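# What the coordinates show
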Amino acid sequence: MGQHVPKRSSLDPRRLGSALDFSFIANQGPYETLRIRQAGHRLCDCMGLELRGMPAYALITPKARETFTSAVWQAVSAPAVADFTLAPKAQMIVLPMADETGAVRYILGCVSLGADTAHTLGQFRILGTRIKRIAAAGQGHHQSLRYGCADPQTPYWATPET
């Protein structure tokens, strides 16, 4: 199932740059609960608590937790990318990751805060959710593998010099 998603062991935190401070990794625990194993210190500061060991839905208000949990499980089982529009003025992306056996049991999440919400304490409300299935290599258009990271790219065709 996990052949189209990166393995947790292939994640290099140095490549996350400044997003590392607002990222988290959660893994599937007993009773299919996703628990946060690592969280960036700025995300913890924003939430007002240490997130390590907390269920992943602890980031979300109680009324929206069912929506969040459903979308995250879709991301793990499809596999897919889950993108959330949050209040106050934030975005969250959740990406599936596989364990060493290839089973998708981890998620990598990142929260992007607006400038005026960088010091907000508390849980987020969900304003919108988007799920984008990850296409296998060679299936469909390769644009689906670059989900949400950049504008569509125009191929570069070199012109012969005259």
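A brief structural summary. (Residues numbered from 1 in each chain as written. Predicted model: local features only at pLDDT ≥ 70, side-chain atom pairs only at ≥ 80, totals over all residues. Heavy atoms only, no water.)

### Concerning the side chain of D83
Take D83: it is sitting in strand β3 (residues 80-87). Accessibility expressed as a relative area gives 15% for D83, which makes it buried. Looking at D83, its side chain comes within polar contact range of the side chain of Q91, at 3.4 Å. (Helix = DSSP H or I, 4+ residues; strand = E, 2+ residues; numbered from the N terminus. Buried < 20%, exposed > 50% of the residue type's maximum accessible area, 1.4 Å probe, protein only. Polar contact = N/O pair within 3.5 Å; in protein donor to acceptor, adjacent residues only side chain to side chain.)

### Some points on the side chain of D99
One can find D99 in the loop between β4 (90-98) and β5 (104-113). In terms of polar contacts, D99 uses its side chain to reach the side chain of T101, at 2.6 Å.

### Things to note about the nonpolar core
Counting residues in hydrophobic clusters, the biggest one holds 36 residues, and the most contacted among them are L59, I60, F84, M92 and F124. Of all the elements in the fold, those that place two or more residues in this core are β1 (23-28), β2 (34-39), α1 (41-47), α2 (65-77), β3, β4 and β5. Filtering out sequence-adjacent residues up to four positions away, M92 remains in contact with F24, L59, I60, F68, A82, D83, F84, L86, C110 and V111. (Core = buried A, V, L, I, M, F, W, Y, C linked by side-chain atoms within 4.5 Å. Contact = heavy atoms within 4.5 Å.)

### A look at the environment of S9
Tracing the sequence through the fold places S9 in the segment before β1. For S9, a relative accessible area of 51% puts it in the exposed group. When the C-alpha atoms of S9 and A98 are compared, they prove to be 8.6 Å apart, with 89 residues separating the residues in sequence.

### Section: unusual backbone geometry
Going from A78 to P79, the amide bond is cis rather than trans, its omega being -20°. If you trace the backbone, P79 turns up in the loop between α2 and β3. In this model, A87 is joined to P88 through a cis peptide bond whose omega is 5°. Position of P88 relative to the elements: it lies in the loop between β3 and β4. Despite not being glycine, K89 has its phi angle at roughly 30°, a positive value. Looking at the secondary structure, you find K89 in the loop between β3 and β4.

### A few points about the sheet that holds β2
Read across the sheet, 6 strands follow the order β2-β1-β5-β4-β3-β6 without closing on themselves; strand pairing throughout is antiparallel. In the strand order of this sheet, the two ends are held by β2 and β6 (125-133), each with one partner. The mean inter-strand angle of the sheet, taken between neighbouring strand axes irrespective of direction, is 25°. Across 5 bridges, the pairing between β1 and β2 is antiparallel. Bridge pairing links Q28 to L34 in β2. (Pairing = 2+ DSSP bridges. Axes fitted to C-alpha atoms, helices over the stretch in contact; angles between N-to-C directions.)

### So, the environment of V81
Residue position: V81 is located in strand β3. C-alpha of V81 to C-alpha of P96: the two residues are 15 residues apart in sequence and 7.0 Å apart in space.

### Some words on the packing of aromatic side chains
In total, this model carries 1 aromatic pair according to the counting rule given. Centroid distance F68 to F84: 5.2 Å. Interplanar angle 40°. Geometry classified as tilted. Of this pair, F68 sits in helix α2 while F84 sits in strand β3, and the two are 16 residues apart along the sequence. (Phe/Tyr/Trp six-rings, centres within 6.5 Å; stacked < 30°, edge-to-face > 60°.)

### Comments concerning the pattern of salt bridges
Inspection of the entire model under this criterion finds 3 salt bridges. In this structure, R52 engages E50 in a salt bridge whose closest nitrogen and oxygen atoms are separated by 3.7 Å. A residue is classified by how much of its surface remains accessible, and R52, at 56% relative accessible area, is exposed. Here D83 makes a salt bridge to R130, at a shortest N to O gap of 3.2 Å. Separated by 47 residues along the polypeptide, D83 in strand β3 and R130 in strand β6 bring together distant segments of the chain. Here R130 falls in the partly exposed class, since its relative accessible area comes to 46%. (Salt bridge = Lys/Arg side-chain N within 4 Å of Asp/Glu carboxyl O.)

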